Amino acid sequence: ANDRPVTLDVAPVLRAGRMCVPLRFVGEALGAAVNWDSTTGDITADLNETEIWMQPDDAIAIVNGSMVHMDVAPWIENGRTLVPLRFLAEAFGFRVDWNGKAQMVTISK
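Remember, predicted model here, so these are calculated numbers, not experimental data. (Residues numbered from 1 in each chain as written. Predicted model: local features only at pLDDT ≥ 70, side-chain atom pairs only at ≥ 80, totals over all residues. Heavy atoms only, no water.)

(A) Region of interest: the nonpolar core. Leu23, Ile52, Met54, Phe87, Leu88 and Phe92 are the most contacted members of the largest nonpolar core, which totals 22 residues. Mapped by element, the contributors of at least two residues to this core are helix 1 (23–30), strand 4 (43–47), strand 5 (50–54), strand 6 (60–63) and helix 2 (85–91). Sorting elements by how many residues they give to this core places helix 2 first, with 4 residues. Among residues more than four places away in sequence, those in contact with Met54 are Leu23, Gly41, Asp42, Ile43, Ala61, Met70, Pro74, Val83 and Phe87. (Core = buried A, V, L, I, M, F, W, Y, C linked by side-chain atoms within 4.5 Å. Buried < 20%, exposed > 50% of the residue type's maximum accessible area, 1.4 Å probe, protein only. Helix = DSSP H or I, 4+ residues; strand = E, 2+ residues; numbered from the N terminus. Contact = heavy atoms within 4.5 Å.)

Spelled out as structure tokens, the structure:
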């Protein structure tokens, strides 16, 4: 965050060719407010003028009122909700770059 490497609290998972990461950890590192409603399962992440709504095991997200299909549905593992990193970052207007040689993701504004 802010030109400093960030170490995740839960290891990323490669699923269907997509790097998935813990939503709360990465969302908050980007500056988003992340909420989970344990009654409904609703997951929301808000940053500036962008609101993302998701549900576990559903590949459809709502971004600012519009349906968006994710390549991988969010899921809960060991108490953490994992989501596709590129989807989350790009929905908030960030650029995502992958360095395969270094096995490193860079997120920039």
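(B) Representation of the environment of Val34. With respect to the secondary-structure elements, Val34 resides in strand 3 (residues 33–36). The spacing of Val34 and Asp46 is 12 residues in sequence and 6.6 Å in space, taken between C-alpha atoms.

(C) Broad picture of the pattern of salt bridges. Applying the stated criterion to the full structure yields 4 salt bridges. The closest approach of N and O atoms between Glu28 and Arg24, which form a salt bridge, is 3.2 Å. One end of the pair is Glu28 and the other is Arg24, both in helix 1 and 4 residues apart, which spans about a single turn. With a relative accessible area of 41%, Glu28 lands in the partly exposed category. Residues Arg95 and Asp97 are paired through a salt bridge, measuring 3.0 Å at the closest nitrogen-oxygen approach. Note on Arg95: relative accessible area 53%, which makes it exposed. (Salt bridge = Lys/Arg side-chain N within 4 Å of Asp/Glu carboxyl O.)

(D) Structural context of the pairing of strand 10 (residues 95–99). Pairing geometry for strand 10 and strand 11 (residues 104–108), over 5 bridges, is antiparallel. Paired with Val96 across the strands is Ile107, a residue of strand 11. What sits between the antiparallel neighbours strand 10 and strand 11 is a turn of 4 residues, in which Gln103 has the positive phi angle 55°. (Pairing = 2+ DSSP bridges.)

(E) Representation of the sheet that holds strand 7 (residues 66–69) within the structure. Across the sheet, 5 strands lie side by side as 3-4-5-6-7; this open sheet has antiparallel pairing. Sheet topology places strand 3 and strand 7 at the edges, where each strand pairs with a single neighbour. Averaged over all neighbouring strand pairs, the angle between strand axes comes to 20°, with direction disregarded. When strand 3 meets strand 4, the two strands line up antiparallel, connected through 4 bridges. Following the sheet pairing, Trp36 is matched in strand 4 by Ile43. Across the sheet, helix 1 is in contact with strand 3, strand 4 and strand 5; its angle to strand 3 comes to roughly 155°. (Axes fitted to C-alpha atoms, helices over the stretch in contact; angles between N-to-C directions.)

(F) Main features of the packing of aromatic side chains. Overall, the coordinates contain 0 aromatic pairs when judged by the stated rule. Across from the ring centre of Trp75, 3.5 Å away, lies the NZ or CZ of Arg15, which sits over that ring. One residue, Lys109, lies across the ring of Phe94, its end atom 4.5 Å from the ring centre. (Phe/Tyr/Trp six-rings, centres within 6.5 Å; stacked < 30°, edge-to-face > 60°. Lys NZ or Arg CZ within 6 Å of the ring centre and 35° of its normal.)

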